[in-house]
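# Residue-level structure breakdown
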Amino acid sequence: MMEVGYESCLDLIIVAQSFIYFEKLILQGLINKSNRKFLAANCLIIAAKLNDVTKKEINKLIDNISNKFRFDNRKDVTLYEFPILVALEFNLIIKYENDFYFHYERLTNILERYRQNCITNNLLQEYPKISSFQRTISD
């Protein structure tokens, strides 16, 4: 979900919210191997809709989800949206800030590591002589 949110330019708050919804479904015992991708995708869509993401951005999100999770068509993506809302009892407001901050902080750390890896990879590609020199020093 983190990668799809990043590719769709979603705010980390939305991704953190979708993780909370997904965890609630796990605690209810509704997740299994056959439906986990569908439920994760729909949790992300529900969180995006709740945070007033535009229709154009929702369509981009659905395209990214269908590509990342390898769904056959766009209808498969939103198949579980209403059953998730029923399972969550339409209670989409996050009451406990600690749950939210835990996911938000974790996602921020993951994103920071991802950016550092990208910077490191770009530097290694731009300066292959330095990287080979560093390898000989470390050996």
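Residue numbers restart at each chain and count upward from 1, following the sequence in its written direction. A pLDDT threshold of at least 70 governs which residues receive local features in this predicted model, and a stricter bar of 80 or more applies before side-chain atom pairs are shown or counted, although totals over entire chains, interfaces and linings include all residues. Each side-chain value is worked out from all heavy atoms of the structure, with water and hydrogens disregarded.

On to the packing of helix α3 (residues 36-50) against helix α4 (residues 55-68), then. The geometry of α3 relative to α4 is characterised by a closest axis approach of 11 Å and an angle of 170° between their N-to-C directions. Viewed along their axes, α3 and α4 adopt a mutual orientation that is roughly antiparallel. Classified by chirality, the crossing of α4 by α3 is right-handed. Contacts between α3 and α4 pair A41, L44, I45, A48 and K49 from the former with I58, L61, I62 and I65 from the latter. Its residues assigned to classes, the contact of α3 with α4 comprises eight nonpolar, no polar and one charged. As a rule, the C-alpha atoms of each element are fitted with a line to give its axis, helices using only the stretch in contact, and angles between N-to-C directions run from 0 to 180 degrees. Think of it this way: any DSSP run of H or I at least four residues long counts as a helix, any run of E at least two long counts as a strand, and we number them from the N terminus. If an angle is under 35 degrees, it is roughly parallel; if it is over 145, roughly antiparallel; if it lies from 65 to 115, roughly perpendicular; otherwise it is oblique. Each crossing gets its handedness from the near helix: less than a right angle anticlockwise from the far helix is left-handed, clockwise is right-handed. When checking whether two residues touch, look at their non-hydrogen atoms; a contact exists if any pair is within 4.5 Å. Here the term charged refers only to Asp, Glu, Lys and Arg, the term nonpolar to Ala, Val, Leu, Ile, Met, Phe, Trp, Tyr, Cys and Pro, and the term polar to all other amino acids, Gly among them.

Patch building starts from residues that exceed 30% relative accessible area and form no salt bridge, then joins like charges within 9 Å and nonpolar side chains (Val, Leu, Ile, Met, Phe, Trp, Tyr) within 5 Å. All accessibility values rest on the Shrake-Rupley procedure with a 1.4 Å probe; residue burial counts only the protein chains present in the view. Salt bridges are defined as contacts in which a side-chain nitrogen from Lys or Arg sits within 4 Å of a carboxyl oxygen from Asp or Glu. Only four residue types enter the tally: Lys and Arg on the positive side, Asp and Glu on the negative side; His and the chain ends are excluded. Lysine's charge is taken at NZ, arginine's at CZ, aspartate's at CG and glutamate's at CD. There is a patch of like positive charges on the surface, built from K33, R36, K37 and R70. Note on placement: K33 falls in the loop between α2 (12-27) and α3. Exposure remark for K33: the relative accessible area of 69% places this residue in the exposed category. Only protein chains enter the accessibility calculation, which uses a 1.4 Å probe. A residue is then buried if its area is under 20% of the maximum for its type, exposed if over 50%, and partly exposed in between.

Counted under the stated rule, the structure contains one salt bridge. With a shortest N-O distance of 2.9 Å, E81 and K49 are connected by a salt bridge. Placement of the pair is E81 in helix α6 (residues 81-87) and K49 in helix α3, with a sequence separation of 32 residues. Take K49: its relative accessible area is 41%, and that puts it in the partly exposed class.

Another point: unusual backbone geometry. Unlike most non-glycine residues, D52 shows phi in positive territory, near 55°. Mapped onto the elements, D52 comes out in the loop between α3 and α4. Overall, D52 belongs to the exposed group, its relative accessible area being 68%. The backbone of R70 shows a phi angle near 60°, a positive value even though the residue is not glycine. Position of R70 among the secondary structure elements: in the loop between α4 and α5 (74-77).

Let us now look at α4. Its 14 residues give α4 an end-to-end C-alpha distance of 20 Å, which sits within 8% of 20 Å, the value for a rise of 1.5 Å per residue. For α4, the set of buried residues is I58, L61, I62, N64, I65 and S66. Residues of α4 that are buried sit in contact with α1 (2-7), α3 and α5. Trailing α4 by a residue or two, R70 shows a phi angle of about 60°, which is positive. Helix span is expected to be 1.5 Å times the residue number reduced by one.

Turning our eyes to something else, we now look at the confidence of the model for the protein chain. Per residue, pLDDT measures the predictor's confidence, with a range of 0 to 100. For the protein chain, the mean per-residue pLDDT works out to 76, and 79% of the residues sit at or above 70. Averaged pLDDT values for the elements of the protein chain fall to 42 in helix α8 (residues 128-138) and rise to 88 in α3. Counted against residues more than four places away or in other chains, residues 127-139, with its pLDDT under 50, gives one contact.

The next subject is the nonpolar core. In plain words, nonpolar cores are sets of buried Ala, Val, Leu, Ile, Met, Phe, Trp, Tyr and Cys residues tied together by side-chain atoms within 4.5 Å. Counting 37 residues, the largest nonpolar core has L61 and I65 as its most contacted members. Within the residue set of this core, elements represented by two or more residues are α1, α2, α3, α4, α6 and α7 (97-126). A total of ten residues in this core trace back to one element, the largest contributor, which is α3. Apart from residues lying up to four places away in sequence, L61 is in contact with V4, S8, L10, L44, I45 and A48.

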